[in-house]
Amino acid sequence: MSAADDSARESRHRKLADSDHRHLWHPFTQMQDWLAEDPVIIDSAEGSYLVDTRGNRYLDGCASLWCNVHGHRVPEIDRAVAEQLGRVAHTTLLGLASTASIECAEELVRAAPPGLTRVFFSDAGSTAAEIALKIAYQHFQLRGDPERREFLTIRGGYHGDTVGSVSLGGIDLFHRIFKPLLFPVHQAPQPYCYRCPLRQAWPSCRMACADEVERVFEAHRGRIAALVIEPLVQGADGMITQPPGYLRRMRELCDRHGALLVCDEVATGFGRTGTMFAVEQEGVVPDVMTVAKGLTGGYLPLAATLTTERVFESFLGPFESRRTFFHGHTFTGNPLACAAAVASMRLLRGGGVLDAVPAKAELLARELAPLSGHPRVGEVRQRGLMVGIELVRDRGTKEEYPYELRAGHEVILEARRRGAILRPLGNVVVLMPPLAMAGEELRELARIARDSIEAATARLP
């Protein structure tokens with residue numbers, strides 16, 4: 001490329017960066033810092049790589065915020081969206097049906113655990129969770145059990161950013177300031193074995209954290225409508241992995257106490273943990289399940305809340321009974337998003353992508369194994385292709401880095417310089433590559449993560 005081309009490219013970058021700084025407000029971003037930085041501006045992508053406005057290529061190590069499944073510019077999904085665009089871009093589901101939404105619901109039910117047969121579409125994980133809690137609440141009101149209006153969640157959970165889904169959440173950093181807006185929920189200690197809130201150790205604890213969930217049920221007998229949980233992995237709190245049998249125990253507790261089990265598979269669904277849905281690994285079928293992120297392969301915003309027939313039937317009645325679920329939005333079941341989702345799910349089912357995840361997870365684990373003895377790494381947590389590397393100031397004492405040192409952020413800046421896009425969760429460095437990332441690319445991603453942690457932590461006090 002000539003000097004003139006380089007100059008034109010840099011001029012374009014500067015114009016876009018200036019415009020970004022003038023107009024955009026970025027999510028989960030301290031904007032004072034952002035306005036002082038030269039941003040990476042993604043201009044294109046192909047396969048596992050993102051390309052910025054300066055022509056730099058980066059491995060997409062966080063799957064574009066955990067949603068990309070097959071890589072970028074997938075011909076089958078591109079074609080499905082284009083073909084749908086040639087028919088209709090959007091029609092409403094309020095009082096009408098649509099071909100694309102019907103086909104998408106069929107694919108979802110085919111992929112879901114047996115018994116989840118009804119699909120309510122929305123646009124994001126937050127709204128899917130909002131719908132789930134409203135369905136659970138109204139289900140018991142319509143069933144003649146009005147005392148069941150309370151919810152039980154797990155500390156450290158994350159279910160989205162609407163007021164209802166934040167009420168279900170349990171991450172103080174994100175949620176504390178909004179507390180006056182929220183409805184109260186019961187929270188049980190999280191199964192965070194590395195930093196056990198009960199000061200016990202797995203497996204000698206015999207899953208004491210699950211016993212605490214049962215105590216909450218007992219203390220509020222007959223009043224809890226649903227337990228809402230992220231199955232196997234609490235994603236946004238730092239990839240907190242649950243001990244084996246924990247999810248199965250939650251199902252048993254809900255059955256014993258007459259509550260619904262709501263499983264939030266927004267982050268864990270569509271192969272992330274090694275099976276289509278995380279609940280499959282413990283033979284659990286929830287009463288309500290939320291999905292989003294990977295549903296369209298990372299192409300377009302689409303989410304769904306799935307329920308059993310028993311839950312659905314609570315809302316049936318003559319018109320005058322007003323048993324309708326009064327919820328929806330303009331773009332519910334958008335045909336373009338549904339077409340992308342159908343193509344993505346068919347690729348997952350028939351393209352060998354899902355079958356390859358366990359071997360890729362093992363490869364990634366081997367490549368990250370040297371970090372297990374690093375003096376500034378406390379723990380490497382992994383389920384499938386979901387990885388959290390917890391940075392510590394002192395491995396022996398588990399002392400955390402102070403928030404203001406931005407340890408995780410320093411690592412991702414190093415990774416960027418080495419050619420990978422990662423995103424931290426506080427002191428936890430997250431790797432969540434597209435499921436289709438090739439073996440050599442996974443090795444390169446792991447090498448960049450190792451080297452970046454080494455370089456960044458060497459500078460930190």
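In what follows, the accompanying structure is described. (Residues numbered from 1 in each chain as written. Predicted model: local features only at pLDDT ≥ 70, side-chain atom pairs only at ≥ 80, totals over all residues. Heavy atoms only, no water.)

Quick look at the sheet that holds strand S13 (residues 377-383)
Condition: Here, a strand pair is defined by DSSP locating no fewer than two bridges between the strands. Only DSSP runs of H or I covering at least 4 residues are called helices, and only runs of E covering at least 2 are called strands; the numbering of each starts at the N terminus. Axes here mean lines fitted to C-alpha atoms, for a helix over just the part in contact, with angles spanning 0 to 180 degrees between N-to-C directions.
With antiparallel pairing, four strands are arranged side by side in an open sheet as S13-S14-S17-S16. Edge positions in the open sheet fall to S13 and strand S16 (423-425), since each of these has one partner strand only. Sheet twist, expressed as the mean angle between neighbouring strand axes with direction ignored, is 25 degrees. When S13 meets strand S14 (residues 386-391), the two strands line up antiparallel, connected through six bridges. Paired with Glu379 across the bridge in S14 is Glu390.

A look at the packing of aromatic side chains
Definition in use: Aromatic pairs are defined between Phe, Tyr and Trp rings, using the six-membered ring for Trp, whenever the two ring centres lie within 6.5 Å; interplanar angles under 30 degrees are classed as stacked, those over 60 as edge-to-face, and all others as tilted.
Counting across every chain of the model gives six aromatic pairs. Taking the centre distance of 5.0 Å and the plane angle of 70 degrees together, the rings of Phe28 and Phe174 count as edge-to-face. Highlighted residues: Phe28 in the loop between helix H1 (3-23) and helix H2 (31-35) and Phe174 in helix H8 (residues 172-175), separated in sequence by 146 residues. Where Phe270 meets Phe277, the ring centres are 5.2 Å apart and the plane angle is 65 degrees; that geometry is what we call edge-to-face.

Looking at the environment of Tyr137
What counts is decided by this rule: Note on contacts: a residue pair is in contact if any heavy atoms of the two residues lie within 4.5 Å.
Mapped onto the elements of the fold, Tyr137 is located in helix H6 (residues 125-142). The spatial distance from the C-alpha of Tyr137 to the C-alpha of Glu147 is 9.9 Å, given a sequence separation of 10 residues. Excluding residues within four positions of it along the chain, Tyr137 makes contact with Arg149 and Phe151.

Here's the deal with the sheet that holds strand S12 (residues 303-308)
On the basis of which strands lie adjacent, the open sheet formed by seven strands has the order S4-S12-S11-S10-S7-S5-S6 and mixed pairing. Edge positions in the open sheet fall to strand S4 (116-122) and strand S6 (186-188), since each of these has one partner strand only. Ignoring strand direction, the axes of neighbouring strands in this sheet form an average angle of 20 degrees. When strand S11 (residues 288-291) meets S12, the two strands line up antiparallel, connected through four bridges. By the bridge assignment for S12, Val288 is matched with Thr307. Each of S4, S11 and S12 is contacted by helix H5 (residues 99-111), which is oriented at about 135 degrees to S4, the strand it contacts most. Relative to strand S5 (residues 150-154), helix H9 (residues 208-219) is tilted by about 170 degrees, and along the sheet it contacts S5, S6 and strand S7 (224-229).

Structural notes on the layout of surface pockets
Basically, it comes down to this: Only protein atoms enter the 1 Å grid used here, on which a cavity is any set of points holding a 1.4 Å probe that cannot leave and a pocket is any open set flanked by protein within 12 Å on both sides along at least five of seven lines; residues with an atom within 4 Å of a point are listed as lining. Grid points are joined across faces, edges and corners, and a volume is the space filled by probe spheres set on the points. Under the scheme applied here, ten amino acids are nonpolar (Ala, Val, Leu, Ile, Met, Phe, Trp, Tyr, Cys and Pro), four are charged (Asp, Glu, Lys and Arg), and all others, including Gly, are polar.
Taken as a whole, the second largest pocket holds about 840 Å³ of empty space. In this structure, the second largest pocket is lined by 24 residues; those nearest its centre are Val119, Phe120, Phe121, Phe312 and Phe325. Where the lining of the second largest pocket is concerned, the elements lending two or more residues are H5, S4, S12 and helix H11 (309-313). Tallied by class, the residues present in the lining of the second largest pocket amount to 14 nonpolar, nine polar and one charged.

Re empty space enclosed by the protein
Unoccupied space between atoms shows up once a probe the size of one water molecule is rolled over them. Scanning the model with the defined rule gives one cavity of 30 Å³ or more in all. Taken together, 15 residues line the largest cavity, and the ones lying closest to its centre are Pro191, Cys193, Cys196, Cys205 and Cys209. Of the residues contributing to the lining of the largest cavity, the split by class is 13 nonpolar, two polar and no charged.

Topic: the pairing of S5
What counts here: Each residue is placed in one exposure class: buried if its accessible area under a 1.4 Å probe, protein chains only, is under 20% of its type's maximum, exposed if it is over 50%, and partly exposed if it falls in between.
The buried fraction of S5 amounts to four of the five residues, a majority that puts the element mostly inside the structure. Pairing between S5 and S7: four bridges, direction parallel. Pairing of Leu152 across the sheet is with Leu227, part of S7. Looking at chain direction, S5 and S6 are connected through three bridges and run parallel. Across the sheet, the residue bridging to Leu152 is His186, located in S6.

Some words on the pattern of salt bridges
Short version of the rule: By salt bridge we mean one thing: a side-chain nitrogen of Lys or Arg within 4 Å of a carboxyl oxygen of Asp or Glu.
Scanning all chains against the criterion turns up 32 salt bridges. A salt bridge links Glu414 to Arg459; the nearest nitrogen and oxygen atoms lie 2.5 Å apart. Of this pair, Glu414 sits in helix H14 (residues 407-418) while Arg459 sits in helix H15 (residues 439-459), placing them 45 residues apart in sequence. On the basis of relative accessibility, which here comes to 7%, the residue Glu414 falls in the buried class. Through salt bridges with shared partners, a single ionic network connects Glu410, Glu414, Arg417, Arg418 and Arg459.

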